[in-house]
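The primary structure of each chain is shown beneath.
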Amino acid sequence: MRATKIAAALGVLGMLLLAQHFGLWQLFAEPVRMKQTLLAAGPWGYAAFIGAYTLLQPFGLPGTVFIMAAPLIWPWPVAFALSMVGTMAASVVGFVFARFVAGDFMQARIPARFRRYDQALARHAFGTVFWMRLVFWMPPWLHAFFGVSAIGFGTHFWASLAGYVPPLLLVSYFGQQLFDALRHAPAALWLWLGLGALLLTAAVTLIRRRAA
């Protein structure tokens, strides 16, 4: 078993080094280049999108890069389908890798803010996974947190699927309009959005402290 884990870890490391060597990190981090490359690939662009999402997102490349770029490349139903498949595949890879390969390594690097959900997972696993996916989406350390927890694979899969549908549907449907609106937004709007984010963060922090 130990040899299998070492081989799997080395395989992931080799995959990431190859991705770096061939410039995949840079390609999928630049929406314009990504769009040109995937459209030029025709139907194979679908497979390239899902494959890159599945292999790169669990190990560091933000999933928002893919789900924000998809509606800029394809019609929204296609973008939604590809985003859902890629997100679920990346979530499964991150979950399985943490559970069966690098549990101890991942355990030590999960953000402390996720620890308070341990008891909630034990009592209400499906609902907790659903709400965490709905709020936090798909950060790699959330995959790892679920992987090292006692939650079952099936519960994680179906609760994640349900939690992903609303935000990915909204991003896929309104992605192009949102991108155009933000691109032409005046500077004052960004200032108000920043102020609103600060106030919301302060309010949430205050509520959490009172609840504790």
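Residues numbered from 1 in each chain as written. Predicted model: local features only at pLDDT ≥ 70, side-chain atom pairs only at ≥ 80, totals over all residues. Heavy atoms only, no water.

Structural notes on the overall build of the protein
Along the backbone of the protein there are 12 helices and zero strands. Here the protein holds 212 residues, and 35% of them are scored as buried. Considering only contacts in the protein between residues 6 or more positions apart, those separated by 24 or more positions represent 77%. Of the roughly 12200 Å² that the protein leaves accessible, carbon and sulfur atoms contribute 73%. (Helix = DSSP H or I, 4+ residues; strand = E, 2+ residues; numbered from the N terminus. Buried < 20%, exposed > 50% of the residue type's maximum accessible area, 1.4 Å probe, protein only. Contact = heavy atoms within 4.5 Å. Areas by Shrake-Rupley, 256 points an atom, 1.4 Å probe, with all protein chains shown as cover.)

Some thoughts on the side chain of S91
Inspection of the secondary structure puts S91 in helix α6 (residues 76-100). For S91, a relative accessible area of 0% corresponds to the buried category. For S91, the residues in contact, after removing those within four places along its chain, are R133, H143, H156 and Y164.

Points about the packing of aromatic side chains
Applying the stated rule across the entire model yields 13 aromatic pairs. Their ring planes at 80° and their centres at 5.6 Å tell us that F49 and F66 sit as a pair that is edge-to-face. You can see F49 sitting in helix α4 (residues 44-56) and its partner F66 sitting in helix α5 (residues 63-73), a full 17 residues away along the chain. Ring geometry for F130 against W131: centres 5.2 Å apart, planes inclined by 80°, an arrangement best described as edge-to-face. Residue class for W131 comes out exposed when judged on its relative accessible area of 54%. In textbook terms, an aromatic cluster arises when at least three aromatic residues are bridged by ring pairs, as seen for Y46, F49, Y53, F66 and W74. (Phe/Tyr/Trp six-rings, centres within 6.5 Å; stacked < 30°, edge-to-face > 60°.)

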